[in-house]
Amino acid sequence: MSKAQEILARSTVIDCHLDLLPDLEAKHRQGRKNVLLEDYMEGFKKGGVDVIVSSIFVDSDLLPEMAQKKALAQIAAFYEELDTCGGQFVLATCAEDIEKARRENKLAIMLAFEGAEPLSGDPSLLRVFYALGVRILGLCWSRSNWAADGSRFFDFDYQGYGLTEGGRELVRQAEQLGMVIDISHTNEKTFWDVVEASHQPIIATHSCARALSDTPRNLSDDQIRAIAKLGGVIGINGASLVARFADPAGATVSDLAAHMEYESRLTSPDILAVGLDQCDRLESSSTMQKEEFRCVFDVIPTHEGLEGLVSALLEKGMSEDQISGALGGNLMRVLRRVLG
Ligand SMILES: [Zn+2]
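Definitions and limits used
- Residues numbered from 1 in each chain as written.
- Predicted model: local features only at pLDDT ≥ 70, side-chain atom pairs only at ≥ 80, totals over all residues.
- Helix = DSSP H or I, 4+ residues; strand = E, 2+ residues; numbered from the N terminus.
- Contact = placed C-beta atoms within 7 Å.
- Buried ≥ 20, exposed ≤ 12 C-beta atoms within 10 Å, placed from the backbone.
- Pairing = 2+ DSSP bridges.
- Right-handed = clockwise from strand over helix to strand, strands pointing away.
- Axes fitted to C-alpha atoms, helices over the stretch in contact; angles between N-to-C directions.
- Parallel < 35°, antiparallel > 145°, perpendicular 65-115°, else oblique.
- Nonpolar A, V, L, I, M, F, W, Y, C, P; charged D, E, K, R; others polar.
- Expected span 1.5 Å × (residues − 1).

Visitor: So what exactly am I meant to see when it comes to the environment of V171 here?
Guide: Turning to its location among the elements, V171 is positioned in helix α7 (residues 165-177). Taking C-alpha positions, V171 is 37 Å from E42, a pair spaced 129 residues apart along the chain. Discounting residues that sit within four places of it in the chain, V171 has contacts with L163, I181, V194 and A197.

Visitor: What is the right way to look at the pairing of strand β4 (residues 107-114) in this model?
Guide: By the criterion of burial, β4 is predominantly enclosed, with 8 of the 8 residues buried. Taking every second residue as pointing to the same face, both faces of β4 are buried, with L107, I109, L111 and F113 on one and A108, M110, A112 and E114 on the other. Examined bridge by bridge, strand β2 (residues 51-56) and β4 share 6 bridges and lie parallel to one another. Residue I56 lies in a different strand from β4, and its bridge partner there is F113. Looking at chain direction, strand β3 (residues 89-91) and β4 are connected through 3 bridges and run parallel. When the bridges of β4 are listed, V90 appears paired with A108. The parallel pair β3 and β4 is bridged by helix α5 (residues 95-103), and the resulting crossover is right-handed. Judged from the 4 bridges that link them, β4 and strand β5 (residues 134-138) form a sheet pairing that is parallel. Bridge pairing links A112 to I136 in β5. Remark: the β4/helix α6 (residues 126-131)/β5 crossover connection has right-handed handedness.

Visitor: Teacher, can you tell me more about helix α13 (residues 306-315) here?
Guide: In an α-helix there are 3.6 residues to a turn, and that puts residues three or four apart on one side. All of the buried residues along α13 are L306, E307, L309, V310, A312 and L313. Its buried side turned inward, α13 meets α1 (3-10), α11 (253-266) and α14 (320-339). G317, located one to two residues past α13, shows a positive phi value of around 90°.

Visitor: Would you mind showing me how to read unusual backbone geometry here?
Guide: Peptide bonds are trans in most cases, and residues, glycine excluded, mostly fall at negative phi. The step from L63 to P64 runs through a cis peptide bond, and the omega angle for that step is -5°. Relative to the assigned elements, P64 resides in the loop between β2 and α4 (67-84). Unusually for a residue other than glycine, S120 sits at a positive phi of about 50°. Within the element layout of this structure, S120 appears in the loop between β4 and α6. A positive phi angle is found at H185, which is not glycine, with a value near 80°.

Visitor: Explanation requested: the packing of helix α2 (residues 20-29) against α4 in the structure shown.
Guide: The description of two helices packed together rests on the angle between their axes and the distance between the axes. Between α2 and α4, whose axes approach to 8 Å, the crossing angle comes to 80°. Taken together, α2 and α4 sit at an angle that is classed as roughly perpendicular. Listed contacts from α4 to L21, P22, L24, E25 and H28 of α2 are A73, Q74, I75, A77, F78 and E81. When grouped by side-chain class, the residues that make up the contact of α2 with α4 number 7 nonpolar, 2 polar and 2 charged.

Visitor: Would you mind showing me how to read the pairing of strand β1 (residues 14-18) here?
Guide: Counting buried positions along β1 gives 5 out of 5 residues, so the element sits mostly inside the fold. Bridge count between β1 and β2: 3 bridges; the pairing is parallel. Bridge pairing links L18 to S54 in β2.

Visitor: Would you mind going over α11 with me for this structure?
Guide: Between its terminal C-alpha atoms α11 stretches 20 Å, which fits the 20 Å expected from 14 residues at 1.5 Å a residue. Restricting attention to buried positions, one finds in α11 the residues V253, D255, L256, A257, A258, H259, M260, E263 and S264. Along its buried surface, α11 packs onto α9 (221-229), β7 (234-236), α10 (240-243), β8 (272-274), α13 and α14.

The values reported here are purely geometric and, on their own, carry no functional implication.
The structure is reproduced here in structure tokens:
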């Protein structure tokens, strides 16, 4: 076993952003079943992955009327897979669920909104999705919704708006329920409104540092410092366009390690996490129009590639404990505190 593999084996490894549920739902519509076991499980095992945070995401052409129905269909597809998986993976709603799953050698899946559209403008519906197991609330994708406004990938001049009145109430409800707020995709105004409104750590599940990859989709130094101050984490995004905006074709795992080293030096290694945002494999769900915006290719297309990322971090002189924290320990700290 390589040193990188050893670190992966003994760490709680979390990929805090994968569009798993939209893919399950799309493939169920094509008549498939057991998609998670057949298409994903082997890669997760080879990469030593313990936890996947799956998005619930609705394509723009279904907005706003079909958002709630589509989100529920995605959750239904996931529960259907839970029924037929023979206990190989579980829904995780707290840190203890993750620890238990790891002891039992099961994969834990945590559910996350990537955009509040499924609530149809009504913050009080958040508790319904909480009851279904959703624990992470991404306020918006890179577009505008009733609660908040998102950053654009290419429009550097776009200002937009921040949290709306409904969005503020949504953040309040999320804190009351014990959900983690995800600020990936928010624009600057929304970001700072959330920082002002938050009493808990906030996270960016899949974002990079703007200093190294200059797109409004990524985080400025001030934003990274603000996340650190609240005790949150930033998952490194492995989509080439996000990791290396000026020259996506040249993106490699070294870019990802460089972002992590940069954020770590700017604040502390406690801020690091991994949210690979893989999308190459999602081609079958071709209606997912967000792909055309964000992903030229996956720098780490399957989770086996995590070994290369760990090796790159070792080469940068990061300690084994720091790397273990980046792989999942730091996010576990946030989940323990916020989810209870
Ligand atoms: Zn995203």
